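Geometric and topological summary
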Amino acid sequence: MRLSEAPKRSRAPGLTSLIDVIFLLLMFFMLASTFSIYQRLDVTSGSEGVGKMEHKPVLLQVFAEGQLSVNGDRVSVLALVDALERAGVEKVRPVAILPAKDSTVQDVVSALEALKTAGWSATLVGN
């Protein structure tokens, strides 16, 4: 006795797993992205505006743990503005920031914030 095979029906591909993958991707991108507004600090390159400088820039070296050097004199971040004012540096005179090898990005940003809030214009030089 010979039995005939039942005809194979074509099945539509299962979309359940595809929907799960798309949902997981959607959740990942929603959780990975941020919607906060970042504060912008103006940091220009050292080559920009070289011909426009009327005043010689003040050299500010940034070391680790909030230690700075203004034209060779060691100061802390908190005493930076006072040291510049005691030295008689005008606010129109640019400040060139040179980070040391042991300094972190936070040390440089702290120095930039202190200068920016006091009214000086800073230029990041080097590293």
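Cut-offs applied
Residues numbered from 1 in each chain as written. Predicted model: local features only at pLDDT ≥ 70, side-chain atom pairs only at ≥ 80, totals over all residues. Heavy atoms only, no water. Core = buried A, V, L, I, M, F, W, Y, C linked by side-chain atoms within 4.5 Å. Buried < 20%, exposed > 50% of the residue type's maximum accessible area, 1.4 Å probe, protein only. Helix = DSSP H or I, 4+ residues; strand = E, 2+ residues; numbered from the N terminus. Patch = residues over 30% accessible without salt bridge, like charges linked within 9 Å, V, L, I, M, F, W, Y side chains within 5 Å. Areas by Shrake-Rupley, 256 points an atom, 1.4 Å probe, with all protein chains shown as cover. Salt bridge = Lys/Arg side-chain N within 4 Å of Asp/Glu carboxyl O. Pairing = 2+ DSSP bridges. Phe/Tyr/Trp six-rings, centres within 6.5 Å; stacked < 30°, edge-to-face > 60°. Lys NZ or Arg CZ within 6 Å of the ring centre and 35° of its normal. Contact = heavy atoms within 4.5 Å. Expected span 1.5 Å × (residues − 1). Arc of directions from axis to C-beta.

1. Considering the nonpolar core
By size, the foremost hydrophobic cluster in this structure holds 22 residues, and its most contacted members are L60, L68, L80, L84, I97, L115 and W120. It is helix α3 (residues 105-118) that contributes the most residues to this core, six residues altogether.

2. Some words on the environment of N71
Secondary-structure assignment places N71 in the loop between β2 (67-70) and β3 (73-76). Of the residues examined, N71 reaches a relative accessible area of 47% and is grouped as partly exposed. Considering only alpha carbons, one finds N71 and V58, 13 residues apart in sequence, at a separation of 6.5 Å.

3. Describing a nonpolar patch on the surface
Taken together, the side chains of F23, L24, L26, M27, M30 and L31 define a hydrophobic patch exposed on the protein surface, amounting to about 650 Å² of accessible area. Take M27: it is sitting in helix α1 (residues 16-32).

4. Here's the deal with the environment of E113
Tracing the chain through its elements places E113 in helix α3. Taking the C-alpha atoms as reference points, E113 and V77, 36 residues apart in sequence, are found 9.8 Å from one another.

5. Quick look at the pairing of strand β1 (residues 58-62)
Side chains V58, L60 and V62 project from β1 onto a buried face, and the interleaved L59 and Q61 project onto a face without burial. Relative to strand β4 (residues 95-99), β1 runs parallel, the two sharing five bridges. Counted as the bridge partner of L60 is I97 from β4. Linkage of β1 to β2, two consecutive antiparallel strands, is achieved through a turn of four residues, within which E65 is found at a positive phi near 60 degrees.

6. Focus on the packing of aromatic side chains
If you walk through the whole model with that rule in mind, you get one aromatic pair. Against the face of F63 rests R74, its NZ or CZ located 4.1 Å from the ring centre.

7. Details of the environment of A64
Residue placement: A64 occurs in the loop between β1 and β2. Separated by 36 residues in the primary sequence, A64 and A100 place their C-alpha atoms 7.7 Å from one another. Among all residues touching A64, those that are not within four sequence positions of it are D102, S103 and D107.

8. Details of α3
The end-to-end C-alpha distance of α3 is 20 Å, a good match for the 20 Å that 14 residues give at a rise of 1.5 Å each. By the burial criterion, the buried members of α3 are D107, V108, A111, L112, A114, L115 and A118. An end-on view of α3 places all buried positions within 160 degrees of arc, on one side of the element. Residues of α3 that are exposed and point more than 90 degrees away from the buried face comprise V105, Q106 and T117. Of the residues trailing α3, G119 is marked for its positive phi of about 105 degrees.

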